[in-house]
Structure formats: C-alpha cells, structure tokens
Amino acid sequence: MEHWGKGVLDIRNEVYIKAAKRCNSYAKALRYVEKDFHHHQEPATLVELLRINNILQQPKAALGVLKYAQLNPGILSPEDSWYEELQQWSEALHMYNLKLESGRDVHVSHVLGKLRCLEALNKWTDMQDTIDIYWGQQQPEKKAPPITTADMSTDQSSQMATLAATAAWRLSRWNDLEKYTDQMQMSYQRHFFSALIQINKSNYDAAQELINQSR
C-alpha cells in the first residue's frame, strides 16, 4: 500500500487509516494508528486505538490502552462508556458513582449507566434502590433530585423503564413490574415482561398471545 515501483509513497498515515477502515481492514488500520501514536500521543489517537482494538476483539490490548489513559491523565481522561464497552463493570460503576456523588446536577446518562452496570453485576436490590432514589418517590434523607419523564428523551425513558422492569422482575415486585412495563416502548422486551405478568396472574391464554406477538 505504501510502495510503488519507484519507492515509498509520501502519504500521511491519516489517509492510510481512513482507506483501511473503509475496506474493513482494521488490522491494517491498527498498524497505522499505532505508528501515529508512537510519534504523536494525542487524545484522538488514543481513542482510535481503543476502538479498533475493541472491533478486533482484542480486549487485553484495549484494556492496556485504557490503563495507559488512567496512568497518563494529562493526555486523556478515560470516559465512563469505555469501561462499559470493555465490560469492566465494577470500574464503570465506580466512575458513574463518582459522577452521581459529585454534588453536581444529576445527568440521566449517568443514572442509566449505573443501572446497566448493576444489571451486568446482577445487583438487583442495588438497581431497585437506585431507581427509587433517582426516578421513583424521593426519600427525605436523599439529596439527589428525582428524574422525571420530562427530563428524558423517549428513548431514555424507555431504557429507564426497561431496566426498572428487569429489577422488579428479579425481585418479584409484580406491581412495580406492571407499572414499569406500561412505560416501555413496544418491543420484544415489553411483550416478554407483559407475558410474565399474565403468567403470574394465571392468565395463560393472554400470556400465550403475547408470546405469539413477540415472535
């Protein structure tokens, strides 16, 4: 790619990277990004290293990039979503907790991120506690303001309801499960939870109909 009959082509690495990615040749793209990083340790290059290693399903290499970012905060501060992408759930949960406990305004994305981590870690009670604090009825001893539907996009509202329904199901809180399921967008997951509700009520024909609809 770099060579022709009369020698080496004088083309910037950026051009090679874009061409390799367009051809889905990510191993080749990684080579050029690594070369770039050796010469210029810039934030964008570090992010690209993380993403390409993740695409190539090289978790150890991607985690190494993340560790490098942690040890060199002057170059780039790791983002919460990176830990999630690498399935480093405990580290991601720690990052989201720091954001939520910082005393600043509560962001919906941080609450959703924390709930996703708790779901991956099977911490159902902690999920429910988080939902009660940030989305449900506010408890007097808690300082964090509750999140209302008005604070969220339609997609975020459905995500929150789906995560809340998952926690309610795992904890056998059937009334809560029904409440949260009603707030979900129409999807396979909504049919699934609706079928569970009907089974719990011994309405097996209704449950079967919902299962059929989800297929």
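To keep things clear, this report deals only with the structure shown in the data block. Starting afresh in each chain, residues are numbered from 1 along the sequence in its written order. It should be noted that, the model being predicted, local features are given only for residues of pLDDT at least 70 and side-chain atom pairs only at 80 or more, the latter also being counted only at that level, while totals for whole chains, interfaces and linings use all residues. By convention in this description, side-chain values take in all heavy atoms of the structure and omit both hydrogens and water.

Take the overall build of the protein chain next. Broken down by element type, the protein chain carries twelve helices and two strands. Put simply, DSSP H or I for four residues or longer makes a helix, DSSP E for two residues or longer makes a strand, and each gets a number counted from the N terminus. The N-to-C order of helical and strand elements in the protein chain reads β-β-α-α-α-α-α-α-α-α-α-α-α-α. Throughout, exposure labels follow a simple rule: accessible area from a 1.4 Å probe, protein chains only, divided by the maximum for the residue type, with under 20% read as buried, over 50% as exposed, and the rest as partly exposed. Counting all 215 residues of the protein chain, 39% fall into the buried class. Whether two residues are in contact is decided by their heavy atoms: any pair within 4.5 Å suffices. Taking contacts inside the protein chain between residues at least 6 apart in sequence as the whole, the part at least 24 apart equals 40%.

Attention now moves to unusual backbone geometry. The phi dihedral of Gln57 falls on the positive side, at around 55°, and the residue is not glycine. As for its placement among the helices and strands, Gln57 is situated in the loop between α3 (43-55) and α4 (59-71). Phi is positive for Ser172, close to 60°, though the residue is something other than glycine. If you trace the backbone, Ser172 turns up in the loop between α9 (154-170) and α10 (174-181).

Time to look at the pattern of salt bridges. Every case where a carboxyl oxygen of Asp or Glu lies within 4 Å of a side-chain nitrogen of Lys or Arg is listed as a salt bridge. On inspection of all chains with the given rule, the structure shows four salt bridges. Residues Asp176 and Arg173 are paired through a salt bridge, measuring 2.7 Å at the closest nitrogen-oxygen approach. Given the relative accessible area of 15%, Asp176 is considered buried. Residue classification places Arg173 among the partly exposed positions, given a relative accessible area of 33%. Look at the salt bridges and you will find they share partners, linking Arg173, Asp176 and Lys179 into a network.

What follows deals with the environment of Val108. The topology assignment puts Val108 in helix α7 (residues 108-120). Accessibility expressed as a relative area gives 10% for Val108, which makes it buried. For the pair formed by Val108 and Met160, sequence separation is 52 residues and the distance between their alpha carbons is 9.1 Å. Those residues in contact with Val108 that lie beyond four places of it in its chain are Ile147, Asp151, Met152 and Gln156.

Side-chain rings of Phe, Tyr and Trp (the six-membered ring for Trp) are treated as a pair once their centres are within 6.5 Å; stacked means planes under 30 degrees apart, edge-to-face means over 60, and tilted covers the remaining angles. Applying the stated criterion to the full structure yields five aromatic pairs. For the ring pair Trp169 and Phe192, a centre distance of 5.4 Å and an interplane angle of 85° mean the geometry is edge-to-face. Of this pair, Trp169 sits in helix α9 while Phe192 sits in helix α11 (residues 188-200), and the two are 23 residues apart along the sequence. For the pair Tyr188 and Phe192, a centre-to-centre distance of 6.4 Å together with 25° between the ring planes defines the contact as stacked. Remark: Phe192 and Tyr188 occur in helix α11; sequence separation between them is four residues, near one turn of the helix. Here Tyr188 falls in the exposed class, since its relative accessible area comes to 54%. Relative accessible area serves as the criterion here: at 30%, Phe192 is assigned to the partly exposed category. An aromatic cluster of at least three residues, connected via ring pairs, comprises Trp169, Tyr188, Phe192 and Phe193.

A separate point is the side chain of Thr166. Of note, Thr166 is situated in helix α9. For Thr166, a relative accessible area of 8% translates into the label buried. Not counting residues within four places of it along the chain, the set of residues in contact with Thr166 comprises Glu119, Trp124 and Phe193.

So, about the nonpolar core. In a soluble, globular protein the nonpolar side chains are often hidden away together inside. By size, the foremost hydrophobic cluster in this structure holds 52 residues, and its most contacted members are Trp135, Ile147 and Met160. Apart from the residues lying within four places of it in its own chain, the contact partners of Met160 are Val111, Leu112, Leu115, Trp135, Ile147 and Met152. Take the buried Ala, Val, Leu, Ile, Met, Phe, Trp, Tyr and Cys residues and link them wherever side-chain atoms come within 4.5 Å; each set so joined is a nonpolar core.

Take the packing of helix α2 (residues 26-39) against α3 next. Helix axes use the C-alpha atoms of the stretch in contact, all axes being lines fitted to C-alpha atoms, and the angles between their N-to-C directions lie in the range 0 to 180 degrees. Direction vectors running N to C along α2 and α3 enclose 155°, while the axes themselves pass 10 Å from each other. When the axis of α2 is compared with that of α3, the two are roughly antiparallel. For the element pair α2 and α3, the recorded crossing hand is left-handed. Residues Tyr26, Ala29, Leu30, Val33, Glu34, Asp36 and Phe37 of α2 form the contact with α3, whose own contacting residues are Thr45, Leu46, Glu48, Leu49, Ile52, Asn53 and Ile55. Ten residues, namely Ala, Val, Leu, Ile, Met, Phe, Trp, Tyr, Cys and Pro, are considered nonpolar, four, namely Asp, Glu, Lys and Arg, are considered charged, and the remaining ones, Gly among them, are considered polar. Grouping the constituent residues of the contact of α2 with α3 by class yields nine nonpolar, two polar and three charged. Between 65 and 115 degrees an angle is taken as roughly perpendicular, under 35 as roughly parallel, over 145 as roughly antiparallel, and anywhere else as oblique. The handedness criterion is simple: a crossing whose near helix is rotated anticlockwise from the far helix by less than a right angle is left-handed, and one whose near helix is rotated clockwise is right-handed.

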